[in-house]
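Each chain is listed here by its residues.
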Amino acid sequence: MMPHPICSISRRLIVLIVLINASCFGFAPSAPRASPPRRTLPAQLACDPRFAYDTPASIAIVGAGPAGIAAAISLSKLYPSSAISLIDETPDPKFFDMTKSYLQLVDFRGLSFIDRHLSSASVKLEDISIPNNEFIIQVLETDLPKPPIPLPIVDSNRPTPYWVQRGHFVKLLSNSLPESVSTFYGSKVSKVEYVSSKDSYEVSFSSSSDDLSFLHENDLDKVEANLIVAADGKNSFIRENTFEQPTTQRRNSPAGKLRFKALQVRADFTAYANSSDVLQSDPSNAYAVRSVKKGYDTKLDLGILPIKSTASSLLSLPVNKCRPANIITRDDHFIQSANANDLQDFFEDSFPQLSFSGKISVIEKGEFSRFANSPGTVFPHPQHAKRLKTTASPNSGVVLIGDAAHAFPPDIAQGINAALVDVLELESALSSTNHNSLADALCSYQKVRMPETKALVRLAQISNPFQYKQTGFMSKLRQKLWTANFITRLVLHKFFPQVFSANAFFALQSEASYVKILRRCDRTTALLSTITASLLFLLSSKKLIPG
Ligand SMILES: Cc1cc2nc3c(=O)[nH]c(=O)nc-3n(C[C@H](O)[C@H](O)[C@H](O)COP(=O)(O)OP(=O)(O)OC[C@H]3O[C@@H](n4cnc5c(N)ncnc54)[C@H](O)[C@@H]3O)c2cc1C
């Protein structure tokens, strides 16, 4: 029997949903860079005839993840005469550790930053990533592989999104960092203070580990800054130490607090090696590997996303022949605390379709030990900052971008994309000729970005939180209700697109404004609730009035 179109769409979606997040890719740790010259940057105000306000002479960007590097690229063009410092506690953010080397989907939002700022880069995003409409997903059941499923193209009018490894994306961005930006890697910011006599902030940092102490002549180095851009992630030190408490607003999600770890498998791994159905995987395709085990704390599926094999060499990074198999579970799952030997037994029992030893092993030697010692990443519950800027005077302030402003589990693949839009909006607010002070410009950023930030975090909470196949009776029940709701909206939207919106997950790929998407979803929720309540009322009144 042919599957019903909706079943087939939802099957694809479910596979997409399983795969959409995580995956880890690891680079060998790089040698730390030579010690940057120690200096304390001055922070007098500068006059730029293009602006009606005194432009910041010094800017400190804390955090050199995607948001921080993007901000450094953007601000160095906007304020060519400002001294810009980019500070990060990792030894060199171009080489990410395995816990941070997952694959990410860069959609039309992220692409708008890339088109504006990286158009002349010698290596393009297209060269190092896989387009979302050009690969297939294959489910590897424990006995036989299922036929491949092409991914649905959600909106052919929008630019195609790309799957890219985080380390590759960060390297792509850092390649476009101008020389004028001073980088302070291996430097953990541990103090931030507004000095009124100088009308600027003092940002102090020290070596982030004993191994890197040679980077710093003194215990504490510092830069002065009229503007601090906080791009230091979900637990932002800058936000917590410069903004009024409480700094964030949290929403609970079924995906919050799940732990993500990645097992590095060979990019071209072999499955069913001991049978007549040997399957040689293609690095540019995705695989969902099913487990034999079904128990609460033993069930596990592996999500393996596509990679571009030539990306590392194009970016002059050490070549890694592996790609991450995403593992996302609750903290009490067996694999989160197992040692290397137990892991070996567990994986061999769970996945008879793969080999974990010998010549046909899907992993390199020592991978289980690395995995066992890796803490992984814990997804945050969706949260947003209560304010996106704080100012100490008309000419000095702090602004939040990226995960420091909004953080959530990767269900909707928006973290990087929203971060890059933050940078574009900040650039737009700062470059407006209408503002009389830096403080005014930051206010305008907050005015535009705050509603979007709140809507984004709500969308992260409701759009797709059950995609990790959470175990446990209540989770399974909620998952079923969520799927019923998802399919109802999909059908209603298909027949009455003007009245009902589909799940936000679809809309996110075609509509730029989070506020508009949320508004449409909320309207559909209200309509569905009214219809359900009316039906229940009619049913109960029929029962009450016999005959
Ligand atoms: C498994 C997984 C899959 C994901 N998939 C997607 C996806 O498909 N699409 C998408 O858009 N997003 C995705 N995301 C989310 C995305 O990775 C984040 O939203 C994004 O990395 C945020 O960038 P950021 O620069 O704001 O923060 P981060 O990437 O967290 O960078 C913060 C930086 O600040 C530094 N730092 C922190 N504190 C200090 C300090 N005190 N001093 C100095 N430096 C400091 C850190 O070292 C770090 O380099 C995914 C996330 C995960 C975990």
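Since the model is a prediction, treat every value here as computed from it, not as a measurement. (Residues numbered from 1 in each chain as written. Predicted model: local features only at pLDDT ≥ 70, side-chain atom pairs only at ≥ 80, totals over all residues. Heavy atoms only, no water.)

Of the regular secondary structure elements, the protein holds 14 helices and 24 strands. Considering the protein as a whole, with its 547 residues, one finds that 56% of them fall into the buried category. Taken as a whole, the protein presents about 23,700 Å² of accessible surface, with 54% of it coming from carbon and sulfur. (Helix = DSSP H or I, 4+ residues; strand = E, 2+ residues; numbered from the N terminus. Buried < 20%, exposed > 50% of the residue type's maximum accessible area, 1.4 Å probe, protein only. Areas by Shrake-Rupley, 256 points an atom, 1.4 Å probe, with all protein chains shown as cover.)

Negative phi values dominate among residues other than glycine, just as trans dominates among peptide bonds. Following Gln-245, the chain continues to Pro-246 via a peptide bond in cis, the omega torsion being -10°. Mapped onto the elements of the fold, Pro-246 is located in the loop between α6 (237–242) and β13 (248–250). Of note in the backbone geometry, Asp-199 takes a positive phi value of approximately 50° without being a glycine.

Glancing now at the sheet that holds strand β11 (residues 221–225). Strand order across the open sheet formed by three strands is β9-β10-β11, with antiparallel pairing between neighbours. Each end of this open sheet is capped by a strand with a single partner; those strands are β9 (187–195) and β11. With strand direction ignored, the average angle separating the axes of adjacent strands in the sheet is 25°. Inspection of the sheet shows strand β10 (residues 200–207) paired to β11 by five bridges, in the antiparallel sense. Its bridge partner lying in β11, Phe-205 is registered against Asp-221. (Pairing = 2+ DSSP bridges. Axes fitted to C-alpha atoms, helices over the stretch in contact; angles between N-to-C directions.)

With that settled, consider the packing of aromatic side chains. Tallying each qualifying case throughout the model produces 18 aromatic pairs. With a centroid separation of 5.8 Å and 80° between ring planes, the pair formed by Tyr-102 and Phe-260 is classed as edge-to-face. Placement of Tyr-102 in the loop between β2 (83–87) and β3 (103–106) and of Phe-260 in strand β14 (residues 259–266) is noted, with a sequence separation of 158 residues between them. Following the ring pairs from residue to residue traces out a cluster consisting of Phe-334, Phe-346, Phe-347, Phe-351, Phe-356, Phe-368 and Phe-371. Directly above the aromatic system of Phe-108 lies the positively charged group of Arg-158, at a separation of 4.2 Å from the ring centroid. (Phe/Tyr/Trp six-rings, centres within 6.5 Å; stacked < 30°, edge-to-face > 60°. Lys NZ or Arg CZ within 6 Å of the ring centre and 35° of its normal.)

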